[in-house]
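Coordinate inspection notes
What follows is each chain in one-letter form.
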Amino acid sequence: MRKKFEHLNYRIFIPYLLLVIFGVIMVYSASSDILLVNGFKPATYGIRQATYAVIAFAFFGVPIFCLRLNLLKKRKFVAWFLAISMLMLVYLIALKILKGENAAVNGAVGWIHLGPIDVQPLEIAKLALIIYLAYILDRHDGRLVKGKIKDNLLHPAILAICMICLVMFEPDFGGAAILFMIVLIMFSVSGIPTKMALGWLIVIILGIFLVSALVVAWNPKFLQSKYQYQRFLSFLHPFELEQHGGNQLVNSYYAIHNGGLFGVGLGNSMQKRGYLPEPYTDFILAVASEEVGVIGALVIVGLLFYLMWEIMEVGIYAKSQFNALVCFGIATIIFMQTLFNVGAVIGLLPITGVTLPFISYGGSSLIVLTAAIGLVLNISANEQIKKEKEVEKLAHEY
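Residues numbered from 1 in each chain as written. Predicted model: local features only at pLDDT ≥ 70, side-chain atom pairs only at ≥ 80, totals over all residues. Heavy atoms only, no water.

1. Description of empty space enclosed by the protein
What counts here: Here a cavity is any set of points on a 1 Å grid over the protein atoms alone where a 1.4 Å probe fits but cannot get out, and a pocket is any open set with protein on both sides within 12 Å along at least 5 of 7 lines; a residue lines the site when it has an atom within 4 Å of a point. Grid points are joined across faces, edges and corners, and a volume is the space filled by probe spheres set on the points. Helix and strand labels come from DSSP, where a helix needs a run of H or I of at least four residues and a strand needs a run of E of at least two; each type is numbered from the N terminus. The classification used treats Ala, Val, Leu, Ile, Met, Phe, Trp, Tyr, Cys and Pro as nonpolar, Asp, Glu, Lys and Arg as charged, and all other residues, Gly among them, as polar.
Within the structure shown, the criterion is met by two cavities of 30 Å³ or more. Computed from the structure, the largest cavity encloses a volume of approximately 50 Å³. No other element matches the three residues that helix α14 (residues 363-397) contributes to the lining of the largest cavity. Split into classes, the residues belonging to the lining of the largest cavity amount to six nonpolar, five polar and no charged. Each pocket or cavity is described by its volume, and for the second largest cavity that value is around 40 Å³. Taken together, Asp282, Phe283, Phe340, Asn341, Ala344, Val345, Thr352, Gly353 and Val354 form the lining of the second largest cavity.

Here is the structure:
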């Protein structure tokens, strides 16, 4: 245990810490005015986010860093973790069928309410899927050769498709896309030919574009009242539909424009004062752009990409296939969430409600991401300790 802390990877830990601290500051700044106007204490969400951060670090990040990695490779642990995450997703679908739109938040049934705590099963499902795929693909290591790929990957592919379909039925298309990319990336780095993986990706992207174009051209009446369809149309024509869902993107543009290069100063955003809906969640980057400027926003995004790269580097140099796959899966979560969030804020991608990692308000996301960082730090420390032992062994031999 002592050796693990001696080999703590500060290139991952420090960016994580900076992002979480800045996230708490921005959640407080983005939510304080709205809370004050509605008669609540302005620091309520900031204190909650700070509490989530402490809980995540103390009860998930540190224990998982200290955990024996062999536990994650045990069949029972993998099966139970996966089963719990799948049951939580099934529960959401049952809730939607029984209560309908009454159970929906922003058009989707994505949360389980446990008294004062709201749990988002999708966040848990992401990590469960990564550990399950790492376990399965590690067992198939060396057997993913031409002619046997389909047989060896059929069962994990079916399970992943079931999980993706459950998330789509909520409906949460952003979450489903992230799960799909986790599967694609982890399959790719496990030995599947790159051409095959790229072929799947291109076919699916072209299919999505084609279906989207046909739906927009048809504009069916049964979809016109749907929340997700309205958000998609607002992405295509934000200024024309400003009064019908496009106001979020329009006000995001205003916030970025107002901030300029260096921002108007922390706490001085105008768009967070009732113009930008829920500015402390998926559009927190727009508020950050207004207050700390485009340069400050680029620093945040740069830190996220740096963190992702360092996690990938741990995976690249890992000698264990399981460890490498886990690292690539976690890096995919951070990359895809950042891509979808930034793309939505600047109008390059449809608004899917995907939050910015470590920055946006939310306990489930912060806890799971902290657990994931703790796992990567654990892997990094273990790999370094193994290397030292190998060097010592070689030194004794010579």
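2. Observations regarding the layout of surface pockets
Over the atoms a probe the size of a water molecule is rolled, and this reveals where empty space is left. For the second largest pocket, the calculated volume is near 420 Å³. Lining the second largest pocket are 14 residues; nearest its centre among them are Lys4, Arg68, Leu69, Asn382 and Ile385. Breaking the lining of the second largest pocket down by element, the ones donating at least two residues are α1 (2-6) and α14. For the lining of the second largest pocket, the element with the highest residue contribution is α14, accounting for four residues.

3. Some points on the pattern of salt bridges
Just so we agree on the cut-off: We define a salt bridge as a side-chain nitrogen of Lys or Arg found within 4 Å of a carboxyl oxygen belonging to Asp or Glu. The buried label goes to any residue with under 20% of its type's maximum accessible area, the exposed label to any with over 50%, and the partly exposed label to all in between, with areas taken from a 1.4 Å probe on protein chains only.
What the rule picks out here adds up to five salt bridges. Where Asp33 meets Arg273, a salt bridge forms, and the shortest distance between an N and an O atom there is 3.3 Å. Of this pair, Asp33 sits in helix α2 (residues 10-37) while Arg273 sits in the loop between α11 (247-259) and α12 (284-317), placing them 240 residues apart in sequence. On the basis of relative accessible area, Asp33 is assigned to the partly exposed category, the value being 22%.

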